[in-house]
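Secondary and tertiary structure notes
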Amino acid sequence: MENVVSVLNLKKTFDKKPVLSGISFDVPRGEIFGFLGPNGSGKTTTIRILLGLLRPDSGSALVFEQPLETSDKTRARVGVLLENNGLFDKLTAYENLKYYAELYGIPDVEERIRELLAFTDLTSRKDTLVGTFSTGMKRKLGIARAILHRPEVLFLDEPTSTLDPEAQKMVRDLIVHLSGDESMTVFLSSHNLDEVQKICSRVAILHGGTIKALDSVENLRKNSGVTNVRITLSDSSQVNEARSVVSKIPTVTDFKEIEEGFSVTLSDSSASPVISGLCSAGIAIEEVVKDKRSLEDIYIDVMREEA
Amino acid sequence: MNPILVVAKKEMKQIAKNRSMLIGIVLFMGVFGGMTSIGAILSVIEGDAESIVALLDSLMMYLVLVLGVFSGYFLSSQAFLGEKTGGTIETLLCSPLPLRDIWLGKVIGVMIPSYAIALLIAGILVALSNTAADFLVLPSVVMILFILAVVPVYIACAVGILGFVQLLLGMKENQIINIVLIIGFIAAISVFDSFVTEGLIVMSAAVVGAMFILGILLLGIIGYMTRILNREKIVTTLP
Ligand SMILES: Nc1ncnc2c1ncn2[C@@H]1O[C@H](COP(=O)(O)OP(=O)(O)OP(=O)(O)O)[C@@H](O)[C@H]1O
Ligand SMILES: [Mg+2]
């Protein structure tokens, strides 16, 4: 499949302090790509380089196979919402959108503005100065502004960080809609791991100047190598018996007594040795719950490994 | 609409909406204009027709140009530096516009209202002269040419160089260099004005034509200089 974004061995140093020390990844068309990493890890820097706002020291960062700094036409196919919303406080919501609509030369200006104001729930504030908007309202208008010209790829730098839960959901739904119905490619940096887990097809975790993980959330979970299983026993008095059975199984690394049963940590993803062991010892099982490791667990692991 | 004009239109709209800035400019103009011209006006208040026309011409040449350039100075800081302090420039830099078109759009958007203010001042000077005299006082043809051709070009030069510097440099450097530039501009106009007053230069259509050509050349040089601007320089000098 065609790659919309391709980053190869990208390096960037600020005042002798390396921020990116050779990162590589691709984002194919139609993907929602989550870009994670702690504060100061270089997410915004990577996005700025991709957008042609900063120059790489070495390596390349291309969008539609072009460096955006010099390719005016390609920039027209890109939508951006950076940390700054790109809105003018002294202009109204309508005037702001109209300005960008004319800048990109979109054909159906009035209709498109009406559609996006309605979508972001800002129709009634159309003629209000943006300077009087709340932070979240500005962010929503910023999103409308970013997709005004129907870009093929959308770069979002922490789009929901200032939004209330309802607005966060609105933005999440919008991203899923844009990627699905309008086959837009979305490059999303975020600290909201729950959100990323919900909508991103693939994620990269940036830390210490390199990419520590790059895969689908599903694969990261599968390959993270550790699984937790909670087992409720029909007769909780059998828990000590269960302990002696289970602790003989080589993949079990941890055993913890809990209410009505126990929980074990496994060094691989299979719980069947535990279940069959208990069954053949005649211990009746009421319920088995395999805890899916969340993206947050994986993220924390990656950070710990680094430390 | 051409994207350069879209940028220019937006700058003008923002200027028109920034009342406090406009009031500040008007107050400045009133005080500066009054202080510069009051002595001269008093000295010829009883004078003959010829001296009143001569006074009007000399006041116009100096005040219209100086105050037009001053307007450009005040208004450019919102259009260029303001977009850096407000952070909106990054989004604008992601648009399809080449850097020079962004610069040019802003120069046009600041130059037009600055020139409008200059014309307004010219109008006020003519009106004041006519209230002082009991016959119709009009500026000379050379002066009209000067106001129509020379003034807008030099306002554009001032805005162009200020805008260029504001995009290129960081906040601290800008605070110093902008003031140095505006003082340089005003000093150059004052020197030229004193040459005219002392009769070293006699204003004629040829002199106006030469000034116009020089201004256009200067503008071309400034436009050429914008080559050294790049997006990274702008983004890394954001506050
Ligand atoms: N223009 C610059 N000059 C000097 N250093 C910079 C510049 N821009 C970024 N940095 C440094 O580069 C590092 C990465 O910054 P960046 O903004 O890319 O991080 P981030 O991952 O986006 O962080 P956050 O999650 O807080 O948004 C930081 O240490 C920052 O101080
Ligand atoms: Mg950031």
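Please read these numbers as outputs of a predicted model, since none were measured by experiment. (Residues numbered from 1 in each chain as written. Chains lettered and ligands numbered in written order. Predicted model: local features only at pLDDT ≥ 70, side-chain atom pairs only at ≥ 80, totals over all residues. Heavy atoms only, no water.)

**A short note on the overall build of chain A**
Where we set the bar: Secondary structure elements follow DSSP: runs of H or I no shorter than four residues count as helices, runs of E no shorter than two count as strands, and numbering proceeds from the N terminus. Each radius of gyration is computed over the set of C-alpha atoms, and the globule rule expresses the reference value as 2.2 Å times the number of residues to the power 0.38. We call a residue buried when its accessible area falls under 20% of the maximum for its residue type, exposed when it is over 50%, and partly exposed in between, using a 1.4 Å probe and counting protein chains only. The contact criterion used throughout is that any non-hydrogen atoms of two residues lie within 4.5 Å. Using the Shrake-Rupley algorithm and a 1.4 Å probe, accessible areas are obtained, with residue cover drawn only from the displayed protein chains. Working convention for charge: Lys and Arg count positive, Asp and Glu count negative, and His plus the chain ends are omitted. Each charge is placed at NZ for Lys, CZ for Arg, CG for Asp and CD for Glu.
Looking only at helices and strands, chain A features eleven helices and 13 strands. By the compact-globule yardstick of 19 Å for 307 residues, chain A is too spread out, its C-alpha radius of gyration being 24 Å. A principal-axis box enclosing the C-alpha atoms of chain A has dimensions of 75 × 45 × 35 Å. Across the 307 residues in chain A, those meeting the buried criterion constitute 52%. For chain A, the proportion of contacts with a sequence separation of at least 24, taken over those separated by at least 6, is 68%. Accessible area for chain A stands at about 13800 Å²; split by element, carbon and sulfur atoms hold 47% of it. Distance between charge centres in chain A, computed from 37 positive and 45 negative side chains, equals 5 Å.

**Points about the sheet that holds strand 1 (residues 3-14) of chain A**
Residue and element names in this part refer to chain A. What counts here: Two strands pair under a simple rule: DSSP has to find at least two bridges between them. What counts as an axis is a line fitted to C-alpha atoms, over the stretch in contact for a helix, and the angles between N-to-C directions run from 0 to 180 degrees.
Read across the sheet, three strands follow the order 2-1-4 without closing on themselves; strand pairing throughout is antiparallel. Two strands lie at the open edges of the sheet, namely strand 2 (17-28) and strand 4 (58-63), each paired on one side alone. Each neighbouring strand pair of the sheet contributes to a mean axis angle of 20°, computed without reference to strand direction. Sheet contacts for helix 1 (residues 43-50): strand 1, strand 2 and strand 4; angle to strand 1, the most-contacted strand, approximately 120°.

**What about the interface of chain A and chain B?**
Under the convention used in this document: As used here, buried area is the combined drop in accessible area, with a 1.4 Å probe, of two parts when they are placed together. Definition used for salt bridges: Asp or Glu carboxyl oxygen within 4 Å of a side-chain nitrogen of Lys or Arg.
Each partner contributes residues to the interface: chain A has 29 residues there, and chain B has 29 residues. Looking at the side of chain A facing chain B, the largest losses of area belong to L53(A), R75(A) and L103(A), adding up to 23% of the total buried there. Remark: the boundary between chain A and chain B carries four salt bridges. Two residues, E232(B) and K12(A), come together in a salt bridge whose shortest N-O distance is 2.9 Å.

**Digging into the UniProt feature "transmembrane region" (unreviewed entry) in chain B**
What counts is decided by this rule: UniProt positions are given in the numbering used here, feature names are shortened, and annotations may be inferred rather than shown by experiment.
In this numbering, the UniProt entry assigns the feature "transmembrane region" (unreviewed entry) to residues 21-45, 51-75, 107-129, 141-169, 176-195 and 201-224 of chain B. Each end of residues 141-169 of chain B is marked by a C-alpha atom, and these two atoms are 42 Å apart; helix forms 97% of the span and strand 0%.

**Some remarks on a nonpolar patch on the surface**
We count it as follows: Patch members must show over 30% relative accessible area and no salt bridge, and they are joined within 9 Å when carrying like charges or within 5 Å when they are nonpolar side chains of Val, Leu, Ile, Met, Phe, Trp or Tyr.
Taken together, the side chains of F212(B), I213(B), I216(B) and L217(B) present a nonpolar region at the surface, about 370 Å² in accessible area. Looking at where F212(B) falls in the secondary structure, it is placed in helix 8 (residues 205-225).

**A short note on the domain arrangement of chain A**
Residues and elements named next belong to chain A. Let me state the cut-off plainly: Segmentation of the chain into domains, including their bounds, is taken from an automatic or database domain assignment.
In terms of domains, chain A is made up of domain 1 (3-221) and domain 2 (224-306). Domain 1 and domain 2 are separated by 41 Å when their C-alpha centres are compared. Opposite the 14 residues of domain 1 that make contact, domain 2 presents eleven residues. When the two sides are added together, the surface that domain 1 and domain 2 hide from each other amounts to roughly 1200 Å², 70% of it contributed by carbon and sulfur.

**So, the pattern of salt bridges**
Residues and elements named next belong to chain B. Per the stated rule, a full pass over the model turns up 23 salt bridges over all chains. The salt bridge involving E83 is made with K10; its shortest N-O contact spans 3.1 Å. Taken together, the residues span a long stretch of sequence, with E83 in helix 3 (residues 49-85) and K10 in helix 1 (residues 3-17) at a distance of 73 residues. With a relative accessible area of 2%, E83 lands in the buried category. In this structure, K106 and E11 form a salt bridge, with 2.7 Å as the shortest nitrogen-oxygen distance. Residue K106 is found in helix 5 (residues 99-132), and its partner E11 is found in helix 1; the two are separated by 95 residues along the sequence. Considered together, K106 and E11 belong to a single accessibility category, that of buried residues.

**Looking at unusual backbone geometry**
Residue and element names in this part refer to chain A. In this structure, F64 is a non-glycine residue whose phi angle is positive, near 50°. Phi at E65 takes a positive value of approximately 65°, unusual for a residue other than glycine. Residue placement: E65 occurs in the loop between strand 4 and helix 2 (72-75).

**Here's the deal with the coordination of the magnesium ion (ligand 2)**
Residues and elements named next belong to chain A. Heads up, the rule is: For Na, K and Ca the donor cut-off is 3.2 Å; for every other metal, N, O and S atoms count as donors within 2.8 Å. Water does not enter the count, which can leave sites looking incomplete.
The magnesium ion (ligand 2) binds to the protein through T44 (OG1) and E83 (OE); the donor distances cover 2.0 to 2.4 Å. In this pair, T44 sits in helix 1 while E83 sits in the loop between strand 5 (78-81) and helix 3 (93-103), placing the two residues 39 residues apart along the sequence. Relative accessible area serves as the criterion here: at 17%, T44 is assigned to the buried category.

**Overview of the pairing of strand 1 of chain A**
Note on strand geometry: in a regular strand, side chains alternate between the two faces of the sheet. Residue and element names in this part refer to chain A. Sheet analysis places strand 1 next to strand 2, joined by nine bridges and oriented antiparallel. Considered in strand 2, the bridge of N3 is made with P28. Here strand 1 folds back onto strand 2, and the loop between the two strands holds two residues, one of which, D15, carries a positive phi near 45°. Inspection of the sheet shows strand 1 paired to strand 4 by five bridges, in the antiparallel sense.

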